[in-house]
Structure formats: C-alpha cells, structure tokens
Amino acid sequence: MLHKAGAGHTGGPLGMMEIITALYFSAMSHDPKNPTDPDRDRFILANGHTCPALYVALCRAGYFPKEELQHLRQLGSPLQGHPKLNVKWGIEMSTGSLGQGMSVANGIAFAARLDKKDYTVYSFHSDGEAQEGMLWEAALTAGHHRLDNRIGFLDFNGIQIDGFNKDIKDVSPLADKFEAFRWAVRNIDGNNMAEVLDAIDWAKKTKGKPKMIIATTILGKGVSIFENKPKYHGVAPSDEELAIALKELGEGA
Ligand SMILES: Cc1ncc(C[n+]2csc(CCOP(=O)(O)OP(=O)(O)O)c2C)c(N)n1
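Scoring rules and cut-offs
- Residues numbered from 1 in each chain as written.
- Predicted model: local features only at pLDDT ≥ 70, side-chain atom pairs only at ≥ 80, totals over all residues.
- Heavy atoms only, no water.
- Near = heavy atom within 4 Å.
- Polar contact = N/O pair within 3.5 Å; in protein donor to acceptor, adjacent residues only side chain to side chain.
- Areas by Shrake-Rupley, 256 points an atom, 1.4 Å probe, with all protein chains shown as cover.
- Helix = DSSP H or I, 4+ residues; strand = E, 2+ residues; numbered from the N terminus.
- Buried < 20%, exposed > 50% of the residue type's maximum accessible area, 1.4 Å probe, protein only.
- Lys, Arg positive; Asp, Glu negative; His and termini not counted.
- Salt bridge = Lys/Arg side-chain N within 4 Å of Asp/Glu carboxyl O.
- Contact = heavy atoms within 4.5 Å.
- Phe/Tyr/Trp six-rings, centres within 6.5 Å; stacked < 30°, edge-to-face > 60°.
- Lys NZ or Arg CZ within 6 Å of the ring centre and 35° of its normal.
- Expected span 1.5 Å × (residues − 1).
- Arc of directions from axis to C-beta.

**Q** Describe the site of the ligand, naming the residues involved and giving the relevant values.
**A** Taken together, 14 residues form the shell around the ligand, and within it Gly96, Ser126, Asp127, Asn157 and His233 come nearest. Take serine 126: an N or O atom from its side chain is 2.6 Å from an oxygen atom of the ligand. Contact between the ligand and isoleucine 159: an oxygen atom at 3.1 Å from a main-chain N or O atom of the residue. Burial of the ligand by the protein amounts to 77% of the accessible area it has alone, namely 600 Å².

**Q** So what's going on with the side chain of glutamate 129? Residues and values would help.
**A** Of note, glutamate 129 is situated in the loop between strand S2 (121–126) and helix H6 (133–144). As a buried residue without a salt bridge, glutamate 129 has its nearest oppositely charged side chain in arginine 150, at a separation of 9.1 Å. Setting aside residues no more than four positions away along its own chain, glutamate 129 makes contact with Ala46, Asn47, Leu98, Gly99, Gln100, Gly101, Phe124 and Leu135.

**Q** How would you explain the pattern of salt bridges if you had to name every residue and give the values?
**A** Between side chains of opposite charge, a pair can form as their charged atoms come close. Evaluation of the coordinates by the stated rule reveals six salt bridges. One salt bridge in this structure joins aspartate 167 and lysine 166, with 3.6 Å as the shortest N-O distance. For the pair aspartate 167 and lysine 166, a shared accessibility class is recorded, and that class is exposed. In this structure, glutamate 241 and lysine 231 form a salt bridge, with 4.0 Å as the shortest nitrogen-oxygen distance. Taken together, the positions of glutamate 241 in helix H10 (residues 239–248) and lysine 231 in the loop between strand S7 (211–216) and H10 put the pair ten residues apart, joining distant regions of the chain.

**Q** Tell me what's going on with the packing of aromatic side chains, and back it up with residues and numbers.
**A** Here the structure, examined in full by the defined rule, presents seven aromatic pairs. Note on tryptophan 136 and phenylalanine 178: the rings are 4.8 Å apart at their centroids and 40 degrees apart in plane angle, and the pair reads as tilted. Taken together, the positions of tryptophan 136 in helix H6 and phenylalanine 178 in helix H8 (residues 174–180) put the pair 42 residues apart, joining distant regions of the chain. The exposure classification of tryptophan 136 matches that of phenylalanine 178, with both residues buried. Plain terms: the ring middles of tryptophan 136 and phenylalanine 181 are 5.6 Å apart, the flat faces sit at 80 degrees to each other, and that makes the pair edge-to-face. Of this pair, tryptophan 136 sits in helix H6 while phenylalanine 181 sits in the loop between H8 and strand S6 (184–189), and the two are 45 residues apart along the sequence. For tryptophan 136, a relative accessible area of 15% translates into the label buried. Taking relative accessible area as the criterion, phenylalanine 181 reaches 23% and is therefore assigned partly exposed. Taken together, the ring pairs connect Trp136, Phe178, Phe181 and Trp183 into an aromatic cluster. Sitting above the plane of the phenylalanine 164 ring, lysine 166 keeps its charged end 5.3 Å from the centroid.

**Q** Would you mind going over helix H9 (residues 193–205) in detail, with residue names and values included?
**A** Along its 13 residues, H9 runs 19 Å from first to last C-alpha, staying within 8% of the 18 Å computed at 1.5 Å per residue. If you check which residues of H9 are buried, you get Val196, Ala199, Ile200 and Ala203. Down the axis of H9, the smallest arc covering the buried residues is 100 degrees, so these residues share one side. In H9, those exposed residues whose orientation departs by more than 90 degrees from the buried face are Ala194 and Lys205. Taken together, the buried residues of H9 touch helix H3 (17–27), S2, strand S3 (150–156), S6 and S7. Sitting at the amino-terminal end of H9 is asparagine 192, which places a side-chain oxygen 3.0 Å from the backbone nitrogen of alanine 194.

**Q** Which residues make up the side chain of aspartate 155, and what values go with them?
**A** Its location among the elements puts aspartate 155 in strand S3. Of the side chains bearing the opposite charge, lysine 221 lies closest to the buried aspartate 155, which forms no salt bridge; the N-O distance is 12 Å. The residues contacting aspartate 155, other than those within four sequence positions of it, are Gly12, Met16, Phe124, His125, Ser126, Asp127, Ala215 and Thr217.

Geometric values such as these leave the question of function open.
Set out below in structure tokens:
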C-alpha cells in the first residue's frame, strides 16, 4: 500500500500491529456490518500519520474492500495520508494534528457517561506526540473526572520525525507522569501479543481511573532494514526495500 502510494509512514505502523490486531480482532466490541451502532467501542488514532496500520485492520475486519487499499493517499480516496472522519468505514475521527486525540477520546467518553452507555473509548498515542502540551491537559481532565471508560496506549518506540526521542525532548518517565495525573498505568512489550492481550484485560477490569498502557515497541518491527531507524518514520519503501520487506514478513517477494 505504501509502496504504491510512493509516500507515507512505514515504521510506526509496523511497530503497532500487535496492538491494533488485538483491539480489532479481540478486545473491541464493533461490527463492520453495523458501523454506526451507538453501543460500539470507539478507537481514536491520535498519531494519525500511522493510519496504514488502522486501514489494514479495518479492511481485514470487513469495513471496506481490499482494492481500496491501493488508493492510499490518492485524491478523492477515503484513505488519506491521515485519517478522515468516516464512521461507515470505521474511522471515528479526523486526526493527524498531534495532541488532539486525547481530548477527542475524552469527549466521547463524557458523552458515553451522559448517555449512560457502557462502551469503551480507546485511544492510541506516540512518544513524539507526548511532547504536545494538549495531550497533558487532556490527560489531567481524564484523571480528574475518573474517566474509567478510557483506555489509552502510548507507543514508546523511542523515535520521532527528526530522530530519537531521548535526544530531541525526552518524554520519560511516562509511567510516573500518567500516575501523577491519576491514571492507572501498565508497561508492556507492545510487540508481544500475550502481553498486549493481558494488559487490555487488566485495563478492562480496572475501575475508577482512566488506564494507560505504555507499550515499548520497535519502529519497523519485522523488517531488518527498517527496524529502529528514524529514516523509516516517514518514507515509503523503494522497489528493492519492498522486496526485502515482503520476504521477511513472509508474504513472498
Ligand atoms: C501538532 C503537530 N505538529 C507536528 C506534526 C508533524 N509530525 C508528524 S509525525 C511527527 C513525529 C511524531 O512522533 P512519533 O509519533 O513518535 O513518530 P513515529 O513513532 O511514528 O516515528 C511530527 C512532529 C504533526 N503531525 N502535528
């Protein structure tokens, strides 16, 4: 998909596939045949640039046909380079401006409380995004209001657009920060499916607070030439790189 588009973000999506898979194929209550169900769980991809991960999950779940993936980033396609609100295709919010997703997720969680609905609002964030002040304002709001219908993930791959997070503006220690903002926090290896599933189970059972799962992941996971390399934050694979990637991912070159 990214190779065809000739542009886009390769590394982040590869590193978050275990979490996205666990959410859409195990944890979340959703039905592609009834996408506007008022009782569905919601998912907000705050680091919207990683949307190829979301698009493949939504496609595989049955929200839209596979051919549509070939139109990534083309004018007129619903699958833009950053998510565009389209509930029928499972896209719950336009995102990409880093920092805003936490507020959006809180708003939906407040709506659930007012409507006396018991759906869960999941949000997904990144370490680069955690440099945005707005994220912390919203984290404070969720903690203060004990929004326990909120489950967040923070993808700590240590890389952002210009290099390594620790060199640019270190967001550590994240667990201490969220705990200080009255969230329940769990640290996991986000590329270990058993740990991901166990953490979601923990988050669903933990009441009285919003929950944040801080997931250490590897940018570009599964493809040796991409892994942990800041360059692959935001470039699409070349012909040669695509062949290597597909081979290593077991899809055949
Ligand atoms: C408010 C805002 N400022 C700047 C950007 C440009 N931008 C896009 S991705 C990115 C880096 C984000 O870091 P992270 O999500 O940790 O990167 P990844 O893990 O995907 O490499 C930046 C600064 C943006 N999308 N929104």
